[in-house]
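Next come the chains, spelled out residue by residue.
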Amino acid sequence: MKILSSSKNICSVRQRPIPSAPNSIAFFVSLGVSALVLTFNTRYLGGYVAKNNIFLRSDALINVSEDDINHELGHMADRNSRLVTVEDRAVEDGDITVIDFEGFVDGVAFEGGKAEGHELEIGSGSFIPGFEDQLVGTKAGDEVDVNVSFPEDYHVEDLKGAPVVFKVKVNEIKTKELPELDDEFASEVSEFDTLDEYRASIRARLEKEAADRASNDLDNDILLVLLYSAHRVGDEC
């Protein structure tokens, strides 16, 4: 850093894109008897404007949109959801099914392939591929055969790639019920009395996080300014 504290220490600067890393720029800095190669990620350059040959950070770098705030509110609503029993429809993607099951390979039950009262979220991918898909459309009380195959990389050697039949009973269907995004919700999940105040606090937090991320790149920003300035000066040894 000290050697770049003044453009007088720099003999020449050449800027080159890096074909293998399209979001990066390499600066080849000649120091007379030695040289430096510095690489910068350019993902933030869109948040800078050039003024008097110096890059200055613009407000776009820390812009927070309404979609960003709604995304955060959605996460909070999901964390505060509750499960309710569904009685008037079949299983849909995202539902929680309460099932009993037992697996058979070549008609023989295998160790660890049986459970009762197991809660399985449809679409979670927590079971063998294809298992959850075959429960979509079933109803509470249904008994079905689920035909799948164990993955080739399954952790039990004897079951790798083996076809299996699971006899499954659907005992119950549950779904997430999300709370209304209103003042009551805001007061329950935060220190604020209204949803507007809560939204404002989320915006302030997201803006601070964005500003902190930008400040973490301060060293690179300073070097970028120094190198750009030296390049404009055009000193040669």
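Every value quoted in this text rests on a predicted model; they were computed, and no experiment measured them.

1. Some thoughts on the layout of surface pockets
There is about 160 Å³ of room inside the largest pocket. As for the largest pocket, its lining consists of 14 residues, and the residues nearest its centre are Phe-110, Gly-112, Phe-150, Tyr-154 and Phe-166. Residue contributions to the lining of the largest pocket peak at four residues, all from strand E8 (residues 108–121). Among the residues forming the lining of the largest pocket, the class breakdown is 10 nonpolar, three polar and one charged.

2. Overview of the side chain of Asp-95
Mapping Asp-95 onto the fold places it in the loop between strand E6 (82–86) and strand E7 (96–105). From its side chain, Asp-95 meets the backbone nitrogen of Glu-92 in a polar contact 2.7 Å long. Filtering out sequence-adjacent residues up to four positions away, Asp-95 remains in contact with Arg-89, Ala-90, Leu-120, Glu-121, Ile-122, Ile-173, Lys-174 and Thr-175.

3. Overview of helix H1 (residues 66–79)
Every α-helix winds through 3.6 residues per turn, so residues three or four apart in the chain are directed the same way. Relative to the 20 Å expected for 14 residues at 1.5 Å per residue, H1 spans 20 Å between its end C-alpha atoms, a close match to the ideal helical length. Those residues of H1 not exposed but buried are Ile-69, Leu-73, Met-76 and Ala-77. Buried residues along H1 cover an arc of 100° about the axis, so they all sit on one side. Turned more than 90 degrees away from the buried face of H1 sit Asp-67 and Arg-79, all of them exposed.

4. Some details on the side chain of Glu-132
Structurally, Glu-132 can be placed in the loop between E8 and strand E9 (143–149). With no salt bridge to any partner, buried Glu-132 finds its closest opposite charge in Lys-176, at an N-O distance of 13 Å. A polar contact of 2.8 Å, which involves the side chain of Glu-132, links it to the backbone nitrogen of Gly-123. A distance of 3.0 Å separates a polar side-chain atom of Glu-132 from the backbone nitrogen of Ser-126.

5. Quick notes on the nonpolar core
Judged by nonpolar contacts, the single largest core of 22 residues is most densely connected at Ile-99, Phe-131, Leu-135, Phe-150, Val-164, Phe-166 and Val-168. Examining the composition of this core, we find that five residues originate from one element, strand E10 (residues 163–177), more than from any other. Among the nonpolar cores identified, the runner-up in size contains 11 residues, and Val-64, Ile-69, Leu-195 and Leu-206 belong to it.

6. Concerning the pattern of salt bridges
Under the definition given, this model contains 11 salt bridges. Salt-bridge contacts for Arg-205 lead to Glu-72; the nearest nitrogen and oxygen are separated by 3.0 Å. Of the two residues, Arg-205 sits in helix H3 (residues 195–215) while Glu-72 sits in helix H1, which places them 133 residues apart along the sequence. A salt bridge links Lys-160 to Glu-157; the nearest nitrogen and oxygen atoms lie 3.1 Å apart. In this structure Lys-160 comes out as partly exposed when scored by relative accessible area, which is 34%. Classification of Glu-157 as exposed rests on a relative accessible area of 56%.

7. Points about a negative patch on the surface
Residues Glu-180, Asp-182, Asp-183, Glu-184, Glu-188, Asp-193, Asp-196 and Glu-197 make up a contiguous surface patch of negative charge. Contributing elements (two or more residues each) for the negative patch: helix H2 (183–189) and H3. By residue number, the principal contributor to the negative patch is H2, which donates three residues. Among the secondary structure elements, Asp-183 is positioned in helix H2.

8. A few points about the pairing of E8
Regular strands have side chains that alternate between both faces of the sheet. With eight bridges joining them, E7 and E8 adopt antiparallel strand pairing. Counterpart to Phe-104 in the pairing with E8 is Ala-109. Hairpin connection, E7 to E8: the antiparallel pair is bridged by two residues, and Asp-106 has positive phi, about 55°.

9. Description of the confidence of the model for the protein
Chain-level pLDDT for the protein is 77 on average; 64% of the residues reach the 70-or-more range. Note that pLDDT drops below 50 for residues 1–18; the model gives that stretch 48 contacts with residues more than four away or on any other chain. In the model, residues 232–237 has pLDDT below 50 throughout and makes 10 contacts with residues more than four positions away in sequence or in other chains.

What counts, and at which threshold
- Residues numbered from 1 in each chain as written.
- Predicted model: local features only at pLDDT ≥ 70, side-chain atom pairs only at ≥ 80, totals over all residues.
- Heavy atoms only, no water.
- 1 Å grid on protein atoms, 1.4 Å probe; cavity = no way out; pocket = protein on both sides within 12 Å on 5 of 7 lines; lining within 4 Å.
- Points joined across faces, edges and corners; volume = space filled by probe spheres on them.
- Helix = DSSP H or I, 4+ residues; strand = E, 2+ residues; numbered from the N terminus.
- Nonpolar A, V, L, I, M, F, W, Y, C, P; charged D, E, K, R; others polar.
- Polar contact = N/O pair within 3.5 Å; in protein donor to acceptor, adjacent residues only side chain to side chain.
- Contact = heavy atoms within 4.5 Å.
- Expected span 1.5 Å × (residues − 1).
- Buried < 20%, exposed > 50% of the residue type's maximum accessible area, 1.4 Å probe, protein only.
- Arc of directions from axis to C-beta.
- Lys, Arg positive; Asp, Glu negative; His and termini not counted.
- Salt bridge = Lys/Arg side-chain N within 4 Å of Asp/Glu carboxyl O.
- Core = buried A, V, L, I, M, F, W, Y, C linked by side-chain atoms within 4.5 Å.
- Patch = residues over 30% accessible without salt bridge, like charges linked within 9 Å, V, L, I, M, F, W, Y side chains within 5 Å.
- Areas by Shrake-Rupley, 256 points an atom, 1.4 Å probe, with all protein chains shown as cover.
- Charge placed at Lys NZ, Arg CZ, Asp CG, Glu CD.
- Pairing = 2+ DSSP bridges.
- pLDDT = per-residue confidence, 0-100.

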